[in-house]
Amino acid sequence: MKLNIALLAGDGIGPEVIDQAVKVSDAIAQKFGHEITWKPALTGAAAIDAVGEPYPDATHEVCKNADAVLFGAIGHPKYDNDPSAPVRPEQGLLKMRKALGLFANVRPTFTFPSLLDKSPLKRERIEGTDLVFLRELTGGIYFGEKGRRDNGDTAFDNCVYTRAEVQRLAKKGFELAMTRSKKLCCVDKANVLETSRLWRETVQAMEKDYPEVTVSYEFVDAVAMRLVQWPNSYDVLITENLFGDILTDEASVISGSMGLMPSASMGAEVSLFEPIHGSYPQATGLNIANPMATVLSAAMMFENFGLMEEGKAMRDAVNKALEAGVVTEDLADGGKAYGTKEVGDWLAANI
Ligand code: IPM
Ligand code: MN
């Protein structure tokens, strides 16, 4: 297969972990006879520094014309404590999601047998955890009208959802549930929020189209609690943008390291694949960041093209590295810590 991949390394550890994913993907391409053309483009603080905006038109062109986007991370501390900064790297991410129509953010949480004791939760609570959040990504409070009034003393962010937006996300959720254990949890706050009542009513109306799927409806606060009590009781969860942002960070630490969890953002045309850990500025350039989440994101990308064997080969290499202790310092636990690049080299050599 000929693949044309937009490569958005971004900020912080983004470029380092992306380099490793490229290396491992190229090893896959070589082994399975594919041809990947990587098209690098600017995003995030790196793009603000270079051209004054975090998601330049030139980058959008590259993404739109690609078969998929592989994304590192964005964010820089110089913007975090400056609420008055006129342009922020995160605006680029939101603009990109909207412009590319990436409405469904797929964030899995699974455990690795070799890492069960690295989790902050007890082994017996997390064993067998294999869940997926589908987070709505282009609506809700992130994109509603926002502003100030009363001379700046009052601020507001509106949360708006349409039935169509809920339906397209829920449809993906039902379809995913059908390929797994046929359990779907709709996460909302329908006891308080009108948008949540629209979510619940819309999902309820879709149940008849998927008679085999068992749907539960749970409030977001209760889900936050059950996620740390019995994460292995969940399978597919669907939720709106802000709830999904928060719960997927919570879920990501269950596996033992945030540096392991991949994600995909699916649109009607193009889809994007990225690690969920963010730009981790303190580690920038130190060759200590864990590249595995980015490698696993690339595995999701191959699987999304229907290249299941290729994706599996990448996952197997990661599992093998974990078992062999070829890991970065976040997982080394007092043992030998390998560098980002060394882990990448090892994975590529083990494809
Ligand atoms: C994420 C991030 C983003 C979000 C930020 C960087 C805008 O936290 O991808 O989860 O809130 O969606
Ligand atoms: Mn987040």
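Not measured: the values here are computed from a predicted model. (Residues numbered from 1 in each chain as written. Chains lettered and ligands numbered in written order. Predicted model: local features only at pLDDT ≥ 70, side-chain atom pairs only at ≥ 80, totals over all residues. Heavy atoms only, no water.)

Participant: Before we move on, could you go through the packing of aromatic side chains and cite the residues and values that matter?
Facilitator: One pass over the full model with this rule turns up three aromatic pairs. Their ring planes at 65 degrees and their centres at 5.3 Å tell us that Phe 110 and Phe 112 sit as a pair that is edge-to-face. Like Phe 112, Phe 110 is buried. Ring geometry for Tyr 161 and Trp 199: centres 5.4 Å apart, planes at 90 degrees, overall edge-to-face. Pair noted here: Tyr 161 is in the loop between β7 (154–157) and α7 (163–179) and Trp 199 is in helix α8 (residues 194–206), with a separation of 38 residues, a long-range link. Taking the relative accessible area as the measure of exposure, Trp 199 reaches 1% and is therefore buried. (Phe/Tyr/Trp six-rings, centres within 6.5 Å; stacked < 30°, edge-to-face > 60°. Buried < 20%, exposed > 50% of the residue type's maximum accessible area, 1.4 Å probe, protein only. Helix = DSSP H or I, 4+ residues; strand = E, 2+ residues; numbered from the N terminus.)

Participant: Describe in detail the UniProt feature "binding site: substrate" (unreviewed entry) in the chain, supporting the description with residues and values.
Facilitator: As recorded in UniProt, the feature "binding site: substrate" (unreviewed entry) lies at Arg 97, Arg 107, Arg 135 and Asp 221. Separation in sequence by 125 residues is matched in space for these annotated residues, since their most distant C-alpha atoms are 26.5 Å apart. Inspection of the secondary structure puts Arg 97 in helix α5 (residues 89–100). Beyond its immediate sequence surroundings of up to four residues, Arg 97 is in contact with Leu 102, Arg 107, Arg 135, Leu 137, Thr 138 and Glu 274. Relative to the helices and strands, Asp 221 resides in helix α9 (residues 220–229). (UniProt positions renumbered as here; feature names shortened; annotations may be inferred. Contact = heavy atoms within 4.5 Å.)

Participant: Give a description of the side chain of Thr 138 that names residues and reports values.
Facilitator: Here Thr 138 lies in the loop between β5 (130–136) and β6 (146–149). Here Arg 168 takes part through its side chain, which lies 3.4 Å from a polar atom of the side chain of Thr 138. Not counting chain neighbours up to four residues away, the residues in contact with Thr 138 comprise Arg 97, Lys 98, Leu 102, Phe 103, Phe 143, Glu 165, Arg 168 and Asn 241. (Polar contact = N/O pair within 3.5 Å; in protein donor to acceptor, adjacent residues only side chain to side chain.)

Participant: Please set out the pairing of β6 residue by residue, giving values where relevant.
Facilitator: Where β6 lies against β7, four bridges are found, and the strand directions are antiparallel. When the bridges of β7 are listed, Arg 149 appears paired with Thr 154. In sequence, β6 turns back onto β7 through a hairpin of four residues, with Asp 150 there showing a positive phi of about 55 degrees. (Pairing = 2+ DSSP bridges.)

Participant: Describe the environment of Gly 325, and please don't skip the residues or the numbers.
Facilitator: If you trace the backbone, Gly 325 turns up in the loop between α12 (308–324) and α13 (329–332). The class for Gly 325 is partly exposed, based on a relative accessible area of 28%. Separated by 140 residues in sequence, Gly 325 and Cys 185 have C-alpha atoms that sit 36 Å apart. In this view, Gly 325 contacts Lys 336 and Tyr 338; residues no more than four positions away in its chain are not counted.

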